[in-house]
Amino acid sequence: MTATPAKVPETADEPAPGPVPTSKPAKVPYGHKRLLTRRDRLTLGLMAGLPTILHVALVWLTALASIALAFTTWNGIGFGSIQWVGLQNFRELFTSNPQFWPAVEHNVVWFVVLIVLPTPFGLFLAVQLDKQIRFSRVYQTAFFLPVVVSMAVIGFVWQLVYNPDTGLINSLIGANKPGHYIDWIGDPDLNLWAILIAASWRHAGYMMILYLAGLKGVDPALREASALDGANEWQTFKNVVFPTLRPTNTVVLVVTIIEALRAFDLVFVFNKGAQGTELLSILVTNNIIGESSRIGYGSAIAVVLLVISLAVIIPYLIATFRKERRA
């Protein structure tokens with residue numbers, strides 16, 4: 001009798017020796033990515049689309065329409081009354097308008113006065129405030145306050161100053177008595193200069209802020225090196241600080257030219273551009289919305305003003321873009 005071997009229960013195949021495999025963790029993306037929802041797209045579309053539509057409609061379309069109307073004659077009543085006249089408006093403007101060339105002259109005088117009087121004064125204020133004198137914040141606010149005030153409000157304030165009867169100036173110099181009145185606004189020999197004083201009062205604060213921002217960017221090491229070389233304060237400013245303000249001077253020049261070309265509010269508030277205070281902007285307004293309603297002729301003056309502005313702005317933009325490319 002033979003013994004039968006006992007059955008050994010079957011076991012699962014043993015894993016091969018080596019490291020035990022583990023499940024691979026899911027890769028976490030770098031950063032948090034989230035697709036825009038429909039509501040997000042609608043919000044972004046409104047935020048970017050509405051300003052773009054308004055800018056195109058109120059700036060570009062109106063500018064192009066003004067250029068087109070400059071070659072037409074139109075009284076503003078119905079589009080059917082628009083008639084093409086070519087260069088007739090420009091010929092009349094340059095040859096037979098007695099107010100055009102005086103207006104150009106006044107714009108040039110406006111620029112010269114702004115660049116000669118308030119601009120150096122604004123630089124002087126910026127240099128003094130850059131020294132961190134006591135109460136410098138109060139002074140900055142006081143000098144910059146006219147810049148944030150509406151030009152129309154400034155005009156009304158200076159009208160009170162120039163009032164022949166109760167004005168500050170006539171009261172100080174004793175010219176507020178009968179027979180001694182000085183009509184600062186009505187006198188054609190004085191009114192333009194009186195308005196320019198008010199414009200300079202505002203422009204000085206604007207220049208102060210621009211130059212103060214430029215002075216903050218000057219490397220203090222340059223001043224220290226100049227002091228070690230024995231230079232005094234004026235020599236340091238003339239030979240070290242002022243040359244570094246060249247970009248600021250370019251911005252100041254462009255801003256001053258634009259301010260001189262778009263001058264309108266003060267003159268209109270004082271005397272509506274009459275009696276020796278004609279400006280190009282005043283001529284545009286008087287011809288487009290005045291009693292004559294010569295919209296084509298007023299658009300021709302606006303085109304001349306636009307060309308002069310572009311002659312200043314385009315070279316500035318070209319120089320700025322070239323500088324950025326080099327950097």
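Each remark here, short or long, concerns the structure printed above.
To keep things clear, this report deals only with the structure shown in the data block. (Residues numbered from 1 in each chain as written. Predicted model: local features only at pLDDT ≥ 70, side-chain atom pairs only at ≥ 80, totals over all residues. Heavy atoms only, no water.)

1. Overview of helix α4 (residues 118–129)
Argument step 1. Here α4 spans 16 Å end to end across twelve residues, near enough to the 16 Å set by a 1.5 Å rise per residue.
Argument step 2. Residues of α4 that are buried include every one of P118, T119, G122, L123, L125, A126, V127 and L129, and no others.
Argument step 3. Residues of α4 that are buried in the fold lie against α3 (100–116), α5 (136–148), α8 (191–216), α10 (233–244) and α11 (246–261). (Helix = DSSP H or I, 4+ residues; strand = E, 2+ residues; numbered from the N terminus. Expected span 1.5 Å × (residues − 1). Buried < 20%, exposed > 50% of the residue type's maximum accessible area, 1.4 Å probe, protein only. Contact = heavy atoms within 4.5 Å.)

2. Brief notes about the packing of helix α2 (residues 88–95) against helix α14 (residues 295–326)
Argument step 1. Following both chains from N to C, one finds α2 and α14 inclined at 70°, their axes separated by 9 Å at the closest point. In terms of orientation, α2 and α14 fall into the roughly perpendicular class. Together, N89, F90, E92, L93 and F94 of α2 and G296, Y297, A300, I301, V303 and V304 of α14 make up the contact between the two elements.
Argument step 2. Class assignment for the residues of the contact of α2 with α14 results in eight nonpolar, two polar and one charged. (Axes fitted to C-alpha atoms, helices over the stretch in contact; angles between N-to-C directions. Parallel < 35°, antiparallel > 145°, perpendicular 65-115°, else oblique. Nonpolar A, V, L, I, M, F, W, Y, C, P; charged D, E, K, R; others polar.)

3. Describing unusual backbone geometry
Argument step 1. With phi around 60°, K272 is a residue other than glycine that occupies positive phi space.
Argument step 2. One non-glycine residue with positive phi stands out, namely Q275, at about 55°.
Argument step 3. Relative to the helices and strands, Q275 resides in the loop between α12 (265–271) and α13 (280–288).

4. As for the side chain of N97
Argument step 1. With respect to the helices, strands and loops of the structure, N97 is situated in the loop between α2 and α3.
Argument step 2. Given a relative accessible area of 14%, N97 falls into the buried group.
Argument step 3. Of note is the side chain of N97, whose polar atom sits 2.9 Å from the backbone nitrogen of Q99.
Argument step 4. A polar contact of 2.7 Å, which involves the side chain of N97, links it to the side chain of Y297.
Argument step 5. Ignoring any residue separated from it by four or fewer positions in sequence, one finds N97 in contact with E92 and Y297. (Polar contact = N/O pair within 3.5 Å; in protein donor to acceptor, adjacent residues only side chain to side chain.)

5. Side note on the packing of aromatic side chains
Argument step 1. Inspection of the entire model under this criterion finds 13 aromatic pairs.
Argument step 2. Measuring from ring centre to ring centre gives 5.2 Å for F264 and F268, while their planes differ by 20°; the resulting arrangement is stacked.
Argument step 3. Looking at F264, the relative accessible area reads 24%, which means it is partly exposed.
Argument step 4. Site record: aromatic cluster; members linked through ring pairs are W158, Y162, W184, W201 and F270.
Argument step 5. When the ring centre of F268 is taken as reference, the NZ or CZ atom of K272 above it lies at 5.4 Å.
Argument step 6. R294 extends its terminal NZ or CZ atom over the ring of Y297, reaching a point 4.2 Å from the ring centre. (Phe/Tyr/Trp six-rings, centres within 6.5 Å; stacked < 30°, edge-to-face > 60°. Lys NZ or Arg CZ within 6 Å of the ring centre and 35° of its normal.)

6. Overview of the side chain of N89
Argument step 1. Along the polypeptide, N89 turns up in helix α2.
Argument step 2. Setting aside residues up to four positions removed in sequence, N89 forms contacts with L69, A70, F71, T72, G296, Y297 and A300.

By themselves, these figures tell us nothing about what the structure is for.
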